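# Survey of secondary and tertiary structure
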Amino acid sequence: MLLCIDCGNTNTVFSIWDGEKFLCTLRTSTHHARTADAYFTWYSTLIKHYGIETDITDVIISSTVPRVVWNLRVFADRFFNARALVVGKPECALPHPPRVDEGTIVGPDRLVNAVSAFDRHGGDIIVVDFGTATTFDVVAKDGAYIGGVIAPGVNLSLEALHMAAAALPHVDITKPQAVIGTNTVACIQSGVFWGYVGLVKEICARIKAEREREMQVIATGGLAPLFQQSEALFDAFEEDLTMHGLTVIHDYNKEIGNI
């Protein structure tokens with residue numbers, strides 16, 4: 001069994017893959033000081049609660065927070081006797097190496113999403129990920145990651161607005177009933193919601209124009225369904241895009257003898 005770990009700036013997700021399907025997905029807040037023992041206590045408690053029988057043989061990690069990787073590696077080694085494969089490290093090969101400026105370090109989550117989108121949908125893809133940042137990742141026809149766009153995330157924008165303007169309340173993002181808000185909360189919701197609709201439409205349109213071809217737009221991340229249901233911005237929504245990508249990368253490294 002394969003344990004896939006995706007560590008983002010806000011949350012860390014663990015999913016167990018049995019070769020055919022994900023048995024469960026566990027989520028915790030990301031904290032760089034969490035020890036390997038603390039990870040295992042949390043993990044084993046939830047596994048026992050769900051009544052899942054697991055025998056983890058392999059571990060793969062994607063982390064946008066470098067400081068947590070060491071403890072996750074110790075966690076894999078100590079409790080599963082597994083040498084974790086870490087996306088972005090030299091020993092972890094990708095099916096299609098990225099084509100970016102020399103010396104550029106691409107976020108592991110973006111590489112994983114590119115691999116996953118290509119595996120499921122083929123090339124000429126734009127992956128829009130609604131995370132702590134809203135990222136747009138461009139996948140070429142041959143599956144290579146060739147660059148993208150990074151914008152502030154929806155919740156990050158809301159939090160920054162609340163912190164910078166003392167008189168403005170913190171609000172939850174939702175589709176407003178009208179563009180013109182008649183109270184402060186409605187005004188903020190309209191600005192953020194329609195602002196991000198415009199952001200996605202414009203950036204995707206400009207990427208397609210620059211590439212001079214039609215491209216599929218695939219979305220992932222917690223807020224993607226809200227925008228998809230309201231505006232049909234995407235050709236598809238993939239809830240498990242990152243986790244699927246981790247299984248593809250693991251299988252590829254196993255196939256070429258890295259594992």
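Quick summary incoming for the structure in this document.

Scoring rules and cut-offs
- Residues numbered from 1 in each chain as written.
- Predicted model: local features only at pLDDT ≥ 70, side-chain atom pairs only at ≥ 80, totals over all residues.
- Heavy atoms only, no water.
- Helix = DSSP H or I, 4+ residues; strand = E, 2+ residues; numbered from the N terminus.
- Contact = heavy atoms within 4.5 Å.
- Phe/Tyr/Trp six-rings, centres within 6.5 Å; stacked < 30°, edge-to-face > 60°.
- Buried < 20%, exposed > 50% of the residue type's maximum accessible area, 1.4 Å probe, protein only.
- Core = buried A, V, L, I, M, F, W, Y, C linked by side-chain atoms within 4.5 Å.
- Pairing = 2+ DSSP bridges.

## A few points about the environment of valine 87
- Tracing the chain through its elements places valine 87 in the loop between β5 (85-86) and α3 (108-121).
- Spatially, the C-alpha atom of valine 87 lies 5.3 Å from that of serine 62, the residues being 25 residues apart in sequence.
- In this structure valine 87 touches Ile60, Ile61, Ser62, Cys92, Pro108, Val112, Leu246 and Ile249, once residues within four positions along its chain are discounted.

## Quick notes on the packing of aromatic side chains
- A full pass over the atoms with the stated rule returns 17 aromatic pairs.
- Considering the side-chain rings of phenylalanine 75 and phenylalanine 80, the 5.3 Å spacing of their centres and the 90° angle between planes classify their relative orientation as edge-to-face. Both residues of the pair, phenylalanine 75 and phenylalanine 80, count as buried.
- Plain terms: the ring middles of phenylalanine 193 and tryptophan 194 are 4.9 Å apart, the flat faces sit at 85° to each other, and that makes the pair edge-to-face.
- Overall, phenylalanine 193 belongs to the buried group, its relative accessible area being 0%.
- Following the ring pairs from residue to residue traces out a cluster consisting of Phe14, Tyr39, Phe40, Trp42, Tyr43, Phe75, Phe79 and Phe80.

## Let's talk about the nonpolar core
- Counting residues in each nonpolar core, the largest one holds 27 residues, and the members touching the most others are Leu3, Phe14, Tyr43, Val59 and Phe75.
- Only β1 (2-7), β2 (11-17), β3 (22-29), α1 (36-50), β4 (58-63) and α2 (66-80) provide two or more residues apiece to this core.
- The element contributing the most residues to this core is α2, with seven residues.

## Focus on the sheet that holds β5
- One open sheet accounts for five strands, arranged β3-β2-β1-β4-β5; its pairing is mixed. Where the open sheet ends on each side, the last strands, each with one partner, are β3 and β5.
- As defined by bridge partners, β4 adjoins β5 across two bridges and the pair is classed as parallel. Bridged to isoleucine 61 within β5 is valine 86.

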